[in-house]
Amino acid sequence: MNLTVQEFIEEYKTQFQTMFAYSYEEGTTEQHYTALGIFIKNYLSRHWKETRESYIKEGAKQVYYFSMEFLPGRQLRNNAYNLGILDIIKEGLTELDLSFDSIAEAEADPALGNGGLGRLASCFMDSLASLSIPGNGNGIRYQYGLFRQKFVDGYQVEVPENWLRNRNVWETRNNKSTCLVRFGGNVWLEPNDKGYYEAKYENTLNVLAVPYDTPMVGYRNNKVNNLRLWSAEIPVEEEANYHTLDEIQPISEITQVLYPDDSNYEGQLLRLKQEYFMVSAGVQSIIRHFRKYNVPRKNIPDKIAIHINDTHPALAIPELMRILMDEEHLTWDQAWEITQKTCSYTNHTILREALEKWPIDMMKELLPRIYMIIEEINRRFVDYHLPLYGERITWQTAILQNGVVNMAHLAVIGSHSVNGVAKLHTDILMSDVLKDFFEIYPERFNNKTNGITQRRWVHLANPELTALIDEKIGEEWKRNPAELKVFKGFEQDEETLKQVAEIKLNNKKRLADYIEEVKGIQVNPRALFDVQIKRLHAYKRQHLNALHILHRYLEIKRNPDKEVVPRVFIFGAKAAPSYVYAKQIIKVINSIADLVNNDPDIGDKLKVVFFENYGVSLAEKIIPAADIGEQISLASMEASGTSNMKLMANGALTMATLDGANIEIKDFVGEDNIFIFGLTDKEVYELKANQSYQSKELYETNEQLRRVLDALKDGTIPGLNGEGSAIFDSLVHYNDEYFVLKDFESYVDAQNRADALYAKPMEWTRKSLLNIASSAPFSADYTIKRYADDIWKVKQYFTGDEGVQPLDE
Ligand code: TH1
């Protein structure tokens, strides 16, 4: 199936005309996007079908990645690239006088996730397919994605994200595989004459789950896996019972909108409905598919792995129990053994406010049968462990506690594997957050440090860098990321360093043009581009970054003649709509930007750019242009982080606390090639334990810090309405929960070291090259290989020597 440029041109013209009854010359960019998307989807459909069939034929074990969030990003370029037809399409379109780049920009970016957790799920989908692993995604087809962010007078305003307004060319509605999901009503068990209890239901709300399947294209291996997203509808046979919009609402609302909270639990009933809806439909369709394998049910764990992405899909555990008992008529013990062997769980955060705890009353009413099962899991857990571990440990690890269902405990108890997402994070799980479980089930715990797909984040986002690496070390690194380390050999090669520097500068020029276009701010591409892109959260400490900017501003004003290394500070961040403090930080940064960018004394020395509506597509533009990646969370708070990996892979130097995966980045790149500052996790724990931290003392004794803090509230920053004072108060009067003031000095210090290094361009670029060349360990291909080997026990299915090679590290 080697498509030639001429074939593409002919087929594309026909395709366009068939779809729109116009000749392609008259098409709008949006129509061209649609036609091209459909062309590519048709092109891959044979592989999609054959991949599915081959897994069944081989009796392959399949993994199902259950996640409430996926952030796939635009798929046109990615799919064409992985299929190996990107260059042909580009050439063909050029001949037709069309621009691939503008057509690709017409695609809506599906924001079906909040941040790192959802993007990780999508990187994993790319790696599963590229490694020829039978791996499927299972999630929700939200009608509205994460809100679109606008700034009005520097304040965040949320606008609905109607990503489905134009048709979604990638999805296929699959009417054959619908399921019924039941909510509420009454449930009881009735003994029957076949020797088991039957679950009887009355007055339930029945919801039809309709799957929309999206192809997940592997890298040049003819494999196409499936991402299944569920949509809620009225069951056809019940349509006559629904008359008004109000009556339809309880059903249509289920998959209407994504909850906009990142690392935060909002105990809303609708969210619980969403979770069970996705989980129930997913598990039902898996068990249905399993029947095609014609093996005994006790072998389910040999054919199926269900992965629970944070606790949001943890109801998969009681749902699988329900199906195995109520529908497959297995005993409790049989069902429990299968369930535990099938399910595995990843924890993504230790933040207390993110841990899901559903009120028992709510769960009982919405999911009566599921609650019965959870109660029984809990009863058996307590009965078994009380005599072995005593009162304290048993009650602290129970699922039912003080009127709530502790979802993390359910997930740990019902799984054979529990993992954290970076070394430090997993250590904290074992020694602190889940320490009692670690005592009971030490063998379940393991670490799987996060990863990113280099295909999207380097090959496609940074084509010039990719071409340079190809030229220097050959193309093997694309199939076998470990090869990238060969690039280290060029750290002293002046010519290569010049090329790396030039590519960075080109990327910065492109971003500078884009900044001018969308923000109207002129920035100097030769300035140091300092980037912090992630959700806005107090623990991520964007306000520490802001204090540093203020500090620079005040210094320039005090010493206008002093030479400084010019910097452009770049932000991208959404705040949860109800997160007042985070929104205040956004306003303050926007106001600092107004102050700095419009001060004639400042000029090119300092610029601040806060992009609106940060997401995957913006990240692809910003990351290749970054000189510094800011990873400045309070030590112990960021489970892993993944923008740190994307930024280093594109040659940014990391400005980091010893938190999350920053620690592993430091270990791989070497401490000379990263800027480390701030408290360690141990110091944080100590300060918290002995309650010795007094932020006000720092304010009173450190003059430099006081000047900066005072600027928050003394009118220096224009346009504020108390937001600066609010942040001041939290830092000075409410004892600075995230130790911003404590880390300030050491942060400024590290930033000064960065300036000094940037003044020596060759030295800087050498470290940049070493970052690029040390980024291979953070390939999601490796992460996925470890999940596949250690947790899921699924195999790579090679049909030849194509695609990503079998990975041995
Ligand atoms: C993030 C973590 O904060 C981040 O450190 C990590 O790199 C990423 O997951 C991927 O592992 C989390 N996102 C969420 C989102 C929700 C709840 C908890 C977390 S943790 C909704």
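Residues numbered from 1 in each chain as written. Predicted model: local features only at pLDDT ≥ 70, side-chain atom pairs only at ≥ 80, totals over all residues.

Draft legend 1. Focus on the overall build of the protein. Helices and strands together make up the secondary structure of the protein, namely 31 helices and 23 strands. For 809 residues, the compact-globule estimate of 2.2 N^0.38 gives 28 Å, and the protein sits close to it at 27 Å. For the protein, the residues scored as buried account for 51% of the 809 residues in total. (Helix = DSSP H or I, 4+ residues; strand = E, 2+ residues; numbered from the N terminus. Rg over C-alpha atoms; globule rule 2.2 N^0.38 Å. Buried ≥ 20, exposed ≤ 12 C-beta atoms within 10 Å, placed from the backbone.)

Draft legend 2. Representation of the domain arrangement of the protein. With domains assigned, the protein is organised as domain 1 (59–74 + 109–450 + 788–792) and domain 2 (463–680 + 743–778). Just the C-alpha atoms count here: the centres of domain 1 and domain 2 sit 35 Å apart. Each partner contributes residues to the interface: domain 1 has 37 residues there, and domain 2 has 29 residues. Contributions of two or more residues to the side of domain 1 that touches domain 2 are made by helix H6 (116–130), strand E3 (145–152), strand E4 (155–161) and helix H15 (423–433). Along the lines of polarity and charge, the residues of the side of domain 1 that touches domain 2 split into 13 nonpolar, 15 polar and 9 charged. (Domains from an automatic or database assignment. Contact = placed C-beta atoms within 7 Å. Nonpolar A, V, L, I, M, F, W, Y, C, P; charged D, E, K, R; others polar.)

Draft legend 3. Local environment of the packing of helix H21 (residues 580–597) against helix H28 (residues 723–732). For the pair H21 and H28, interaxial distance at closest approach is 9 Å and the crossing angle is 120°. Viewed along their axes, H21 and H28 adopt a mutual orientation that is oblique. With respect to the hand of their crossing, H21 and H28 are arranged in left-handed fashion. Residue-level inspection shows Tyr581, Gln584, Ile585, Lys587 and Val588 of H21 in contact with H28, the latter providing Glu723, Gly724, Ala726, Ile727 and Ser730. In the contact of H21 with H28, the residues fall into 5 nonpolar, 3 polar and 2 charged. (Axes fitted to C-alpha atoms, helices over the stretch in contact; angles between N-to-C directions. Parallel < 35°, antiparallel > 145°, perpendicular 65-115°, else oblique. Left-handed = near helix turned anticlockwise from the far one by under 90°.)

Draft legend 4. Structural context of the sheet that holds strand E20 (residues 606–611). Taking strand neighbours across the sheet as the criterion, the 6 strands line up as E20-E19-E18-E21-E22-E23 in an open arrangement whose pairing is parallel. A single partner strand is all that each edge strand has here, and the edge strands are E20 and strand E23 (675–676). With 6 bridges joining them, strand E19 (residues 567–572) and E20 adopt parallel strand pairing. Within the sheet, the bridge partner assigned to Ile570 lies in E20 and is Val609. (Pairing = 2+ DSSP bridges.)

Draft legend 5. Structural detail: the site of the ligand. Every one of the 20 residues lining the ligand counts as a neighbour, but Gly116, Leu117, His348, Thr349 and Ser640 are closest to it. Residues belonging to the shell around the ligand are distributed by class as follows: 5 nonpolar, 11 polar and 4 charged. Two domains each donate at least three residues to the shell around the ligand, and these are domain 1 (59–74 + 109–450 + 788–792) and domain 2 (463–680 + 743–778). (Near = placed C-beta within 6 Å.)

Draft legend 6. Inspection of the sheet that holds strand E13 (residues 357–359) at higher detail. Read from one edge to the other, the open sheet built from 3 strands follows the order E13-E15-E14, with strand pairing classed as antiparallel. Each end of this open sheet is capped by a strand with a single partner; those strands are E13 and strand E14 (400–401). Bridge count between E14 and strand E15 (residues 404–406): 2 bridges; the pairing is antiparallel. Within the sheet, the bridge partner assigned to Leu400 lies in E15 and is Val405.

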